[in-house]
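Given next are the chains, with one letter for each unit.
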Amino acid sequence: MVQFKELQSIFSRIIHLGVQDNQPEIAPFIIQSNLNGLIFFFLDFFLAAVFFFTLDESHISYGLMTAAFSFLLGSVGFNALGRTTLSRLSTVLIGSLLVVYCALYLGPQSFAAASLLTGAIFPFVYFNLKERKLLAFTVIVPLFCYGFLLSVDYHFGPRIQIQSRFNLIVLQLVFFLVPFISIVTNTLTAVSQREMKTEELAESQSLLKA
């Protein structure tokens, strides 16, 4: 039990990196960036193992490992240094580039999953409506990435050829689970942050009435 509490404390400190040095209204977006950095770090490592050991694809495995460390450094790393805007921007940009990288290997059949994944790292999770320029930039980047994929017709490198029925099932599971986990986690975090703010507001109002 003590060990679990210690791990919980460490996790809490990591996802709150950068919060104390910024305005309270930006805190939920910083927490979301840190949380996603950790999630995508572990998720990409898991996927790298799946592609390496199950599908025997070393190139995409190394790319996913690179993306894992990029997510961690780009989110938690920048927030720890106080570069919170850069952290939130990099989380969206790395995610978009990762989608492009994987789509070039997996072909047009990955379009639906890639769309969901980009939706899971959508910029509104990281920026409030007042940050219009940053929002516009991070909306344009995924669109530009999809435009690039369509212009090259997904042909810009080695293509994975799925021969085994088992490998196809594994790939389909990956297509389902990655966007699903990302969307559920982002939604859960956003809702919990909103509920926490609502409780704080209700508490302050009750104190004013007392």
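Bear in mind the structure is a predicted one, so any value in this text is a computation, not a measurement.

**Q** Outline the overall build of the protein, supporting the account with residue identities and numerical values.
**A** Across its full length, the protein carries seven helices and zero strands. For the protein, the α and β elements follow one another from N to C terminus as α-α-α-α-α-α-α. Each principal axis of the C-alpha atoms in the protein carries an extent, and together these give about 70 × 45 × 30 Å. Classification of the 210 residues of the protein by burial places 43% in the buried group. A fraction of 72% describes how many contacts in the protein between residues 6 or more apart in sequence connect residues 24 or more apart. With the model as given, the accessible surface of the protein reaches about 12,300 Å², and the carbon-plus-sulfur share is 70%.

**Q** Residue-level account of the packing of aromatic side chains, with values.
**A** In the structure shown here, the tally under the stated rule is six aromatic pairs. With 4.8 Å between their ring centres and 20° between their planes, Phe40 and Phe71 make a pair best called stacked. One end of the pair, Phe40, is in helix H2 (residues 27-53); the other, Phe71, is in helix H3 (residues 58-80), and 31 residues separate them in sequence. Residue classification places Phe40 among the buried positions, given a relative accessible area of 3%. Aromatic side chains Phe41 and Phe69 sit 5.6 Å apart centroid to centroid with 70° between the ring planes, which places their arrangement in the edge-to-face category. Here Phe41 is found in helix H2, whereas its partner Phe69 is found in helix H3, with 28 residues between them in sequence. Aromatic ring contacts, followed pair by pair, group Phe41, Phe42, Phe45 and Phe69 into a single cluster.

**Q** Would you mind going over the packing of H3 against helix H4 (residues 84-106) in detail, with residue names and values included?
**A** Close contact between H3 and H4 brings their axes to 8 Å; oriented N to C, the two are set at 170°. Taken as axis vectors, H3 and H4 run roughly antiparallel relative to one another. Contacts between H3 and H4 pair His59, Ile60, Gly63, Leu64, Ala67, Ser70, Phe71, Gly74, Ser75, Phe78 and Asn79 from the former with Thr84, Leu86, Ser87, Ser90, Thr91, Ile94, Gly95, Leu98, Tyr101, Cys102 and Tyr105 from the latter. A class-by-class count of the residues in the contact of H3 with H4 yields 11 nonpolar, 11 polar and no charged.

**Q** Please set out the side chain of Asp44 residue by residue, giving values where relevant.
**A** With respect to the helices and strands, Asp44 occurs in helix H2. Of the residues examined, Asp44 reaches a relative accessible area of 2% and is grouped as buried. Excluding residues that lie within four positions of it along the chain, Asp44 makes contacts with Leu64, Ala67, Ala68, Phe71 and Leu98.

**Q** Lay out the nonpolar core with the relevant residues and their values.
**A** Of all hydrophobic cores here, the largest spans 21 residues; its most connected members are Phe51, Ile60, Leu64, Leu98, Cys102, Leu106 and Ile160. Among the secondary structure elements, those contributing two or more residues to this core are H2, H3, H4 and helix H7 (165-209). Considering every element that reaches this core, the biggest residue donor is H2, with six residues. In contact with Leu98, not counting residues within four places along its chain, are Asp44, Leu64, Ala67 and Phe71.

**Q** How would you summarise the confidence of the model for the protein if you had to cite specific residues and measurements?
**A** For the protein, per-residue confidence averages 79 on the pLDDT scale, and 90% of positions sit at 70 or higher. For the protein, per-element mean pLDDT is lowest for helix H5 (residues 111-120), which scores 60, and highest for H3, which scores 89.

**Q** Give a description of H2 that names residues and reports values.
**A** Relative to the 39 Å expected for 27 residues at 1.5 Å per residue, H2 spans 39 Å between its end C-alpha atoms, a close match to the ideal helical length. Counting buried residues along H2, 21 of its 27 residues qualify, which places the element largely inside the surrounding structure.

**Q** Before we move on, can you summarise the environment of Ile31 with the specific residues and values?
**A** For Ile31, the position within the fold is in helix H2. Along the sequence, Ile31 and Val76 sit 45 residues apart, while their C-alpha atoms lie 9.3 Å from each other. Beyond its immediate chain neighbours, meaning those up to four positions away, Ile31 contacts Ile15, His16, Val19 and Gln193.

Definitions and cut-offs
- Residues numbered from 1 in each chain as written.
- Predicted model: local features only at pLDDT ≥ 70, side-chain atom pairs only at ≥ 80, totals over all residues.
- Heavy atoms only, no water.
- Helix = DSSP H or I, 4+ residues; strand = E, 2+ residues; numbered from the N terminus.
- Buried < 20%, exposed > 50% of the residue type's maximum accessible area, 1.4 Å probe, protein only.
- Contact = heavy atoms within 4.5 Å.
- Areas by Shrake-Rupley, 256 points an atom, 1.4 Å probe, with all protein chains shown as cover.
- Phe/Tyr/Trp six-rings, centres within 6.5 Å; stacked < 30°, edge-to-face > 60°.
- Axes fitted to C-alpha atoms, helices over the stretch in contact; angles between N-to-C directions.
- Parallel < 35°, antiparallel > 145°, perpendicular 65-115°, else oblique.
- Nonpolar A, V, L, I, M, F, W, Y, C, P; charged D, E, K, R; others polar.
- Core = buried A, V, L, I, M, F, W, Y, C linked by side-chain atoms within 4.5 Å.
- pLDDT = per-residue confidence, 0-100.
- Expected span 1.5 Å × (residues − 1).

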